[in-house]
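# Coordinate inspection notes
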Amino acid sequence: MAGEDWSEVDAYIVEKLLSPDDPLNQALDAALARNRQAGLPAIDVSPAQGKLLHLLARLAGARKILEIGTLGGYSTIWLARALPDDGRIVTLEFSPVHAAVARENIFAAGQGGKLDLRIGPALEALPALEREGAVFDFIFIDADKANNPAYLQWALRLARVGAVIVVDNVVRGGRVLDAASADPDIVGTRKFFDLAGSEKRWTATAIQTVGMKGWDGLGIGIVE
Ligand code: SAH
Ligand code: DHB
Ligand code: MG
């Protein structure tokens, strides 16, 4: 079974590159444990994907990061650690319950000093950020997929030239191919691809991923 192989290889990668003896990894594992204990859905990025986000944010030299979709803050911790001490991560979360768990996790991981966690619909927080004059170097989009076209458009307004925008879950087990789907997540994902393909301000690709989270993909691009 392909799916089982994917998880076994993911476990091997984690064993080799994300040692459980490392206190940094222990804080992340503790966040995942707290998320499961609090009953949050297990839709955090995988450990290897979290480390990829961290590396991409460091490659981009990010000092200001925006995340849309916090859940329990697992990806937030990976991204916050890519920031310098005076860096900032704004993370947007609809659910007050998820946000409370995230706040606890992010502080427990020693990243609370960089945190700006905003509770409410992202489509209300994003215009507020623009009014504040916020500009970001790295943006991770990982909330309700139906709104991904709108989130990409907002990300382009809030990003500096040269910023990196990463979008999670753009393949969804291959369901992205289903042009007849009525699932708002798939409709939104396909509209996201249409927009990404026609948007001159974003030079992007998408890469399929397999592993413990199944078959999915990441959109990755740079703002022109
Ligand atoms: N980035 C997280 C996972 C996010 S899961 C990680 O990898 O660890 C998606 C999150 O988006 C959920 O917590 C959900 O409550 C939130 N969400 C869904 N719709 C939203 C909206 N309209 N505005 C803000 N957050 C939303
Ligand atoms: C879902 C959302 C995610 O962000 C993810 O990584 C996996 C699944 C979901 O809503 O089902
Ligand atoms: Mg996701």
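Quick summary incoming for the structure in this document.

Within the structure, ligand 1 sits among 20 residues, and V45, G69, S75, E93 and H98 are positioned closest to it. Contacts to ligand 1 include V45, whose backbone N or O atom sits 2.8 Å from an oxygen atom. Here ligand 1 has 580 Å² of accessible area as a free molecule, and 89% of this is covered by the chains.

Bound to the magnesium ion (ligand 3) are the protein donor atoms D142 (OD), D168 (OD) and N169 (OD1), situated 2.0 to 2.1 Å from the metal. If you list the donors of the magnesium ion (ligand 3) from N- to C-terminus, the spacing comes out as D-x25-D-N. One end of the pair, D142, is in the loop between β4 (136-141) and α7 (148-158); the other, N169, is in the loop between β5 (159-168) and α8 (184-198), and 27 residues separate them in sequence. Taking the relative accessible area as the measure of exposure, D142 reaches 13% and is therefore buried. Residue classification places N169 among the buried residues on the basis of a relative accessible area of 13%.

This part covers the sheet that holds strand β3 (residues 115-119). The sheet built from seven strands is open, its strands ordered β3-β2-β1-β4-β5-β7-β6 with mixed pairing. The outermost strands of the open sheet, each flanked by one partner alone, are β3 and β6 (202-211). For this sheet, the mean angle separating the axes of adjacent strands, direction not counted, is 15 degrees. In this structure, strand β2 (residues 88-93) lies alongside β3, joined through five bridges in parallel fashion. Paired with V90 across the strands is D116, a residue of β3. Strands in contact with helix α5 (residues 96-108) are β2 and β3; relative to β3, the strand with the most contacts, it is inclined by about 170 degrees.

About the cut-offs
Residues numbered from 1 in each chain as written. Chains lettered and ligands numbered in written order. Predicted model: local features only at pLDDT ≥ 70, side-chain atom pairs only at ≥ 80, totals over all residues. Heavy atoms only, no water. Near = heavy atom within 4 Å. Polar contact = N/O pair within 3.5 Å; in protein donor to acceptor, adjacent residues only side chain to side chain. Areas by Shrake-Rupley, 256 points an atom, 1.4 Å probe, with all protein chains shown as cover. Donors = N, O, S within 2.8 Å, 3.2 Å for Na, K, Ca; no water. Helix = DSSP H or I, 4+ residues; strand = E, 2+ residues; numbered from the N terminus. Buried < 20%, exposed > 50% of the residue type's maximum accessible area, 1.4 Å probe, protein only. Pairing = 2+ DSSP bridges. Axes fitted to C-alpha atoms, helices over the stretch in contact; angles between N-to-C directions. Contact = heavy atoms within 4.5 Å.

Keep in mind these values describe shape, not function.
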